[in-house]
Amino acid sequence: MIGANIHKIVEEIPPNVNLVAVSKTKPISMLQDAYNGGQRAFGENKVKEMIAKHEALPKDIEWHFIGHLQSNKVKYIAPFVHLIQSVDSLKLLEVINKEGIKNNRVINCLLQFHIAHEETKFGLDLIEATLLLKSDSFKQMKNCNIRGIMGMASFTTDENQLRKEFRLLKSFADVVKLESGNSECNILSFGMSGDYKIAIDEGSNMIRVGSTIFGGR
Ligand SMILES: *Cc1c(COP(=O)(O)O)cnc(C)c1O
């Protein structure tokens, strides 16, 4: 069933759009089903849970961290995380860079943006993001790589509202790419179970889908 859900989504999205299967709270057996169906990118929002699943499952899985990340926990995921999507401060990025040095790797990151109407308090606004990218501290970092942006639209079925918010996120992504001066900065991570088709229509190339694949939480 899980494999079929994934195939249905993959068949209807353009080939340039990456599907991250959001497996938070779901048991390892369900992730294994998704893996057996060909899925390789999984999203988790708790450090402990991601570590346990990483240890239990095949090592070619790409682990995406999508929840609020505390600086003191970066060290636990730094050796293996594929993409930290939820960078919301310079301080956090400094710690990620430091852990990247310790692990002799470059850790890929997205800047998480906050849209006024959404539920979560976490995320940057455009001014904060610009200050981060212009800072001397950021310019000296060699072991983290800003690959784009992540955002969440309001929890609404109002299509006009969703489109407005996705367009705003797209415009933030354009600024981040310009300010970072990084040609690899081209990931636009927005769109979830309820809104990913509209998100793709508005320029998303990475969707994070949980309940449509694994069922409700
Ligand atoms: C839970 C979650 C998702 C997936 O939500 P669904 O509505 O179940 O698809 C996507 N992104 C983030 C940041 C999440 O926390």
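Please read all numbers here as calculations on a predicted model, not as lab measurements.

Student: Would you mind going over the overall build of the protein chain with me for this structure?
Tutor: Within the protein chain, the regular secondary structure consists of 10 helices and 8 strands. Taking 2.2 N^0.38 as the reference for a compact globule, 217 residues should give roughly 17 Å; the C-alpha atoms of the protein chain span a radius of gyration of 17 Å, in line with that estimate. In terms of its C-alpha atoms, the protein chain occupies a principal-axis envelope of roughly 50 × 40 × 30 Å. Across the 217 residues of the protein chain, 53% fall into the buried class. Sequence separation of 24 or more characterises 59% of the internal contacts of the protein chain that already satisfy a separation of 6 or more. Across the protein chain, the centroid of the 27 positively charged side chains sits 5 Å from that of the 25 negatively charged ones.

Student: In this structure, what is going on with the packing of aromatic side chains? I would like to understand it.
Tutor: Each aromatic ring pair is described using two quantities: the centre-to-centre distance and the angle formed by the ring planes. Enumeration over the complete set of coordinates arrives at 3 aromatic pairs. Aromatic pair phenylalanine 42 and tryptophan 63: ring centres 5.9 Å apart, planes at 35 degrees, arrangement tilted. Placement of the pair is phenylalanine 42 in strand S2 (residues 41–44) and tryptophan 63 in strand S3 (residues 62–65), with a sequence separation of 21 residues. Above the ring of tyrosine 35, the side-chain terminus of arginine 40 is found at 3.5 Å from the ring centroid.

Student: Looking at this structure, how should I read the pattern of salt bridges?
Tutor: Side-chain pairs of opposite charge can arise whenever the charged atoms involved come near each other. Applying the stated criterion across every chain, the model contains 11 salt bridges. Put simply, arginine 167 and glutamate 202 hold a salt bridge, and the shortest N to O gap is 3.0 Å. Taken as a pair, arginine 167 in helix H8 (residues 159–180) and glutamate 202 in the loop between helix H9 (196–201) and strand S8 (206–209) lie far apart in primary sequence, 35 residues in all. Residues joined in a network through salt bridges with shared partners are Glu159, Arg163, Arg167, Asp201 and Glu202.

Student: What am I meant to see in the site of the ligand here?
Tutor: Taken together, Val22, Lys24, Ile66, Met152, Met192, Ser193, Arg208, Val209, Gly210, Ser211 and Arg217 make up the full set of residues adjacent to the ligand. Within the contact set of the ligand, an oxygen atom lies 2.8 Å away from a backbone nitrogen or oxygen of serine 211. Coverage of the ligand by the protein chains reaches 89% of its 390 Å² of free accessible surface. Of the residues that constitute the shell around the ligand, the class distribution is 5 nonpolar, 3 polar and 3 charged.

Student: Looking at this structure, how should I read the nonpolar core?
Tutor: Soluble globular proteins tend to pack their nonpolar side chains together in the buried interior. Counting 62 residues, the largest nonpolar core has Ile77, Leu93, Ile96 and Leu111 as its most contacted members. No other element matches the 6 residues that H8 contributes to this core. Ignoring anything within four residues of it in the chain, the contact list for leucine 93 reads Val87, Cys109, Leu132, Phe138, Met141, Cys144 and Ile146. Ranked by size, the runner-up nonpolar core spans 7 residues in total, among them Val20, Ala41, Leu110 and Met150.

Student: I'm lost on the pairing of strand S6 (residues 144–151) in this one. Help?
Tutor: Here is the key point about a regular strand: its side chains alternate between the two faces of the sheet. With respect to burial, S6 is a largely interior element, 7 of its 8 residues being buried. Two elements, strand S5 (residues 107–113) and S6, share 7 bridges in a ladder whose sense is parallel. Pairing of glutamine 112 across the sheet is with methionine 150, part of S6. Between the parallel pair S6 and strand S7 (residues 187–189), the chain is carried across by H8, and the sense of this crossover is right-handed.

Student: What is the right way to look at helix H1 (residues 2–12) in this model?
Tutor: Residues spaced three or four apart along an α-helix face the same direction, because each turn holds 3.6 residues. Listed as buried for H1 are Ile2, Gly3, Asn5, Ile6 and Ile9. The arc that holds every buried residue of H1, seen down its axis, measures 160 degrees, which confines them to one face. Every exposed residue of H1 that faces more than 90 degrees away from the buried side is listed here: Lys8 and Glu11. Contact partners of the buried residues in H1: strand S1 (18–22), helix H2 (28–36), H9, S8 and helix H10 (211–214).

Student: Looking at this structure, I do not really get the pairing of S8. What am I missing?
Tutor: What you see with S8 is no split at all: Met206 and Arg208 on one side and Ile207 and Val209 on the other are buried throughout. The pairing of S1 with S8 spans 4 bridges and is classified as parallel. When the bridges of S8 are listed, valine 20 appears paired with arginine 208.

Criteria and cut-off values
Residues numbered from 1 in each chain as written. Predicted model: local features only at pLDDT ≥ 70, side-chain atom pairs only at ≥ 80, totals over all residues. Heavy atoms only, no water. Helix = DSSP H or I, 4+ residues; strand = E, 2+ residues; numbered from the N terminus. Rg over C-alpha atoms; globule rule 2.2 N^0.38 Å. Buried < 20%, exposed > 50% of the residue type's maximum accessible area, 1.4 Å probe, protein only. Contact = heavy atoms within 4.5 Å. Lys, Arg positive; Asp, Glu negative; His and termini not counted. Charge placed at Lys NZ, Arg CZ, Asp CG, Glu CD. Phe/Tyr/Trp six-rings, centres within 6.5 Å; stacked < 30°, edge-to-face > 60°. Lys NZ or Arg CZ within 6 Å of the ring centre and 35° of its normal. Salt bridge = Lys/Arg side-chain N within 4 Å of Asp/Glu carboxyl O. Near = heavy atom within 4 Å. Polar contact = N/O pair within 3.5 Å; in protein donor to acceptor, adjacent residues only side chain to side chain. Areas by Shrake-Rupley, 256 points an atom, 1.4 Å probe, with all protein chains shown as cover. Nonpolar A, V, L, I, M, F, W, Y, C, P; charged D, E, K, R; others polar. Core = buried A, V, L, I, M, F, W, Y, C linked by side-chain atoms within 4.5 Å. Pairing = 2+ DSSP bridges. Right-handed = clockwise from strand over helix to strand, strands pointing away. Arc of directions from axis to C-beta.

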